[in-house]
Amino acid sequence: MSRYLVSRLVEIVVTLALMSFVVYLLIGMMPGDPIDMMIAGDPKMTSEDAARLRAVYGIDKPLLERYLAWAGQALQGNFGYSRSFNQPVLTVLGPRMLNTLELAGIAFLLSIAIALPLGVWTAARPRSRADYLVNLFSFAGISTPPFWLALLLITLFAVKLGILPAGGMADLRPGTSWPDALGQKIRFALLPVATLVLLQLGGYTRFMRGAMIEALRQDYVRTARAKGASEPRVLWRHAFVNALAPVLTILGLSFGALFSGALITETMFAWPGMGKAIYQGILDNDYNLALVGLLITTLATIVGNLLADLALVAVDPRVSLSSRRE
């Protein structure tokens, strides 16, 4: 276990280093720079002023030299300053990361809590009316554009019925009791969470159903039934545990999306999360903001994959960490 974790830690460090260089290179190759945007916004700025600002921000240096300077500061815990927000990068991303975790994390857990039992239930009833109905809704959720679903929910619950806010976050005043604060947070988060759940539910259900159908065809399931095991025991103690392997891998890989944020959903509901911050950083050529945001997403994806491997070993003792490495 210790050797495995150390090797994975080395892989994480190497991957983040390579990812940081590639992302910095791609952002640096984009046309224009922040100074060009300043010139467009202030026609009175002279070329001397622009050259002086480029020297202050270090934009006049070669791209590789700028990356090495950033990497050296990052190793000391200084991830730079965001030009878009005029704040340190971690100060900008910290609250937005929590906002994204609050939104996408709840949606992720709800999707799993609904999709896994639903996938098992439909796999036990293949080609039934319930199976066809669940598959229909699953395909609809997979193929539905996020912006269209968000607009539909806003129109129905915020405009027509007027029972939920159309967007934003709860503005809690000092002294608000925790039941009132919780109620306001739920009201503002309900529509974006519902959007993400409906979008994720179909895919997770399909993965769980497919894995369960494959597991139910195995010899050990037929043996368990021949020994007189009850159907719930066959489903949950035998088939479900073995069907979790591919599903856990998918869930681990999708864990990184919690930190990158759901850009379209956050935009539609004016939710200040990671997705909007990264997108704005790329548009504004804000190297530090976009780079650190994408590195956090990469790290979350790698950690999610590691947690999926560890969870797989926990639920299925036949799987070893060395085999997962292979």
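Before any of the text, the structure's been laid out above.
These lines cover the structure that appears in this document, whether it is placed above or below.

Conventions and cut-offs
Residues numbered from 1 in each chain as written. Predicted model: local features only at pLDDT ≥ 70, side-chain atom pairs only at ≥ 80, totals over all residues. Heavy atoms only, no water. Helix = DSSP H or I, 4+ residues; strand = E, 2+ residues; numbered from the N terminus. Buried < 20%, exposed > 50% of the residue type's maximum accessible area, 1.4 Å probe, protein only. Contact = heavy atoms within 4.5 Å. Areas by Shrake-Rupley, 256 points an atom, 1.4 Å probe, with all protein chains shown as cover. Lys, Arg positive; Asp, Glu negative; His and termini not counted. Charge placed at Lys NZ, Arg CZ, Asp CG, Glu CD. Bend = angle between axes of the 7 residues up to and from the residue. Axes fitted to C-alpha atoms, helices over the stretch in contact; angles between N-to-C directions. Parallel < 35°, antiparallel > 145°, perpendicular 65-115°, else oblique. Left-handed = near helix turned anticlockwise from the far one by under 90°. Nonpolar A, V, L, I, M, F, W, Y, C, P; charged D, E, K, R; others polar. Patch = residues over 30% accessible without salt bridge, like charges linked within 9 Å, V, L, I, M, F, W, Y side chains within 5 Å. Salt bridge = Lys/Arg side-chain N within 4 Å of Asp/Glu carboxyl O.

## A word on the overall build of the protein chain
And step 1. In terms of helices and strands, the protein chain carries 15 helices and two strands.
And step 2. Taken along its principal axes, the extent of the C-alpha atoms in the protein chain is 85 × 55 × 40 Å.
And step 3. Counting every position in the protein chain, which comprises 326 residues, the buried fraction comes to 39%.
And step 4. The contacts of the protein chain with a sequence gap of at least 6 include a subset with a gap of at least 24, amounting to 73%.
And step 5. Total accessible area on the protein chain is roughly 18,000 Å²; 67% of this is exposed by carbon and sulfur atoms.
And step 6. Separation between the mean location of the 28 positive side-chain charges and that of the 21 negative ones in the protein chain comes to 12 Å.

## Some thoughts on helix H10 (residues 231–254)
And step 1. Its axis deflected by about 50 degrees at Phe240, H10 carries its strongest bend there.
And step 2. By the burial criterion, the buried members of H10 are Val234, Leu235, Ala239, Phe240, Ala243, Leu244, Val247, Leu248, Leu251, Gly252 and Ser254.

## Considering unusual backbone geometry
Most of the time, phi is negative for any residue but glycine, and the peptide bond is trans.
And step 1. Not every positive phi belongs to a glycine, and Asn86 is a case in point at roughly 55 degrees.
And step 2. Here Asn86 lies in the loop between strand S1 (81–82) and strand S2 (87–88).
And step 3. A relative accessible area of 55% places Asn86 in the exposed class.
And step 4. The backbone phi angle of Ala270 is positive, close to 50 degrees, even though this residue is not glycine.

## Observations concerning the packing of helix H9 (residues 219–226) against H10
And step 1. Interhelical geometry of H9 versus H10 gives an angle of 160 degrees and a closest axis separation of 10 Å. Taken together, H9 and H10 sit at an angle that is classed as roughly antiparallel. The chirality of how H9 crosses H10 is right-handed. On H10, the residues touching Tyr220, Val221, Ala224 and Arg225 of H9 are Glu231, Val234, His238, Ala239 and Asn242.

## Some words on the packing of helix H1 (residues 2–28) against helix H4 (residues 63–75)
And step 1. In the contact formed by H1 and H4, the axes pass within 10 Å of each other and the chain directions differ by 135 degrees. The angle between the axes of H1 and H4 places the two elements in the oblique class. Judged by the sense of rotation from one axis to the other, the crossing of H1 with H4 is right-handed. Across from Ala17, Ser20, Phe21, Tyr24, Leu25 and Gly28 in H1, the residues of H4 making contact are Leu63, Leu64, Arg66, Tyr67 and Trp70.
And step 2. Considered class by class, the residues forming the contact of H1 with H4 number eight nonpolar, two polar and one charged.

## Things to note about a nonpolar patch on the surface
And step 1. Among the surface-exposed residues, Phe147, Trp148, Leu151, Leu152, Leu263, Ile264, Tyr279 and Leu283 lie close enough to one another that they form a single nonpolar patch of about 750 Å² accessible area.
And step 2. For the nonpolar patch, the element with the most residues is helix H7 (residues 146–160), which contributes four residues.
And step 3. The residue Phe147 is located in helix H7 in this model.

## Section: the pattern of salt bridges
And step 1. Evaluation of the coordinates by the stated rule reveals five salt bridges.
And step 2. A salt bridge links Glu214 to Arg217; the nearest nitrogen and oxygen atoms lie 3.8 Å apart.
And step 3. When its relative accessible area of 42% is taken as the criterion, Glu214 is described as partly exposed.
And step 4. In this structure Arg217 comes out as exposed when scored by relative accessible area, which is 53%.
And step 5. In this structure, Arg225 engages Glu231 in a salt bridge whose closest nitrogen and oxygen atoms are separated by 2.8 Å.
And step 6. By relative accessible area, which is 38% here, Arg225 ends up partly exposed.
And step 7. For Glu231, a relative accessible area of 36% corresponds to the partly exposed category.

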